[in-house]
Amino acid sequence: MASQNMKMKLVLLLKKREDAAQLHQFILHTTLDIVQDIAWTTGAMFLIAINRFNDLVVSVYVTAGHTQFMLLHDS
């Protein structure tokens with residue numbers, strides 16, 4: 001009985017991690033649209049806290065060639 005309980009907890013933990021990974025990808029992809037609009041209207045290269053979702057924040061560094069480095073971090 002205990003081993004079944006542990007297996008169920010492990011399955012739920014893995015599912016949460018998978019869901020979190022998909023959520024992180026979704027947040028970053030939505031931020032790409034925001035950054036594309038902002039990058040052409042401002043001369044700033046480091047865009048702090050462009051997108052927020054719950055306790056997650058996205059900051060972006062845009063190079064002169066418009067390459068975007070995105071950082072998803074806790075607030």
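Here's what I pulled together on the structure shown here. (Residues numbered from 1 in each chain as written. Predicted model: local features only at pLDDT ≥ 70, side-chain atom pairs only at ≥ 80, totals over all residues. Heavy atoms only, no water.)

### Remarks on a nonpolar patch on the surface
A cluster of nonpolar side chains, M45, F46, I48, Y61 and F69, forms an exposed patch at the surface whose accessible area comes to about 530 Å². Position of I48 relative to the elements: it lies in strand 1 (residues 46–53). (Patch = residues over 30% accessible without salt bridge, like charges linked within 9 Å, V, L, I, M, F, W, Y side chains within 5 Å. Areas by Shrake-Rupley, 256 points an atom, 1.4 Å probe, with all protein chains shown as cover. Salt bridge = Lys/Arg side-chain N within 4 Å of Asp/Glu carboxyl O. Helix = DSSP H or I, 4+ residues; strand = E, 2+ residues; numbered from the N terminus.)

### A closer look at the side chain of S59
Of note, S59 is situated in strand 2 (residues 56–62). A polar side-chain atom of S59 sits 3.3 Å from the main-chain amide nitrogen of A49. Here H73 takes part through its side chain, which lies 3.1 Å from a polar atom of the side chain of S59. Not counting the four nearest positions on each side in its chain, S59 is found in contact with F46, L47, I48, A49, F69, M70, L71 and H73. (Polar contact = N/O pair within 3.5 Å; in protein donor to acceptor, adjacent residues only side chain to side chain. Contact = heavy atoms within 4.5 Å.)

### Topic: the sheet that holds strand 3 (residues 68–74)
Strand order in the open sheet formed by three strands is 1-2-3, with antiparallel pairing between adjacent strands. The open sheet has two free edges, formed respectively by strand 1 and strand 3, since each of these has just one partner strand. Averaged over neighbouring strand pairs, the angle between their axes works out to 25° when direction is ignored. When strand 2 meets strand 3, the two strands line up antiparallel, connected through seven bridges. (Pairing = 2+ DSSP bridges. Axes fitted to C-alpha atoms, helices over the stretch in contact; angles between N-to-C directions.)

### Observations concerning unusual backbone geometry
Despite not being glycine, N54 shows a phi value in the positive range, around 55°. When you line up the elements, N54 lands in the loop between strand 1 and strand 2. Located in the positive-phi region is H66, a residue other than glycine, with phi close to 65°. Mapped onto the secondary structure, H66 falls in the loop between strand 2 and strand 3. When its relative accessible area of 32% is taken as the criterion, H66 is described as partly exposed. (Buried < 20%, exposed > 50% of the residue type's maximum accessible area, 1.4 Å probe, protein only.)

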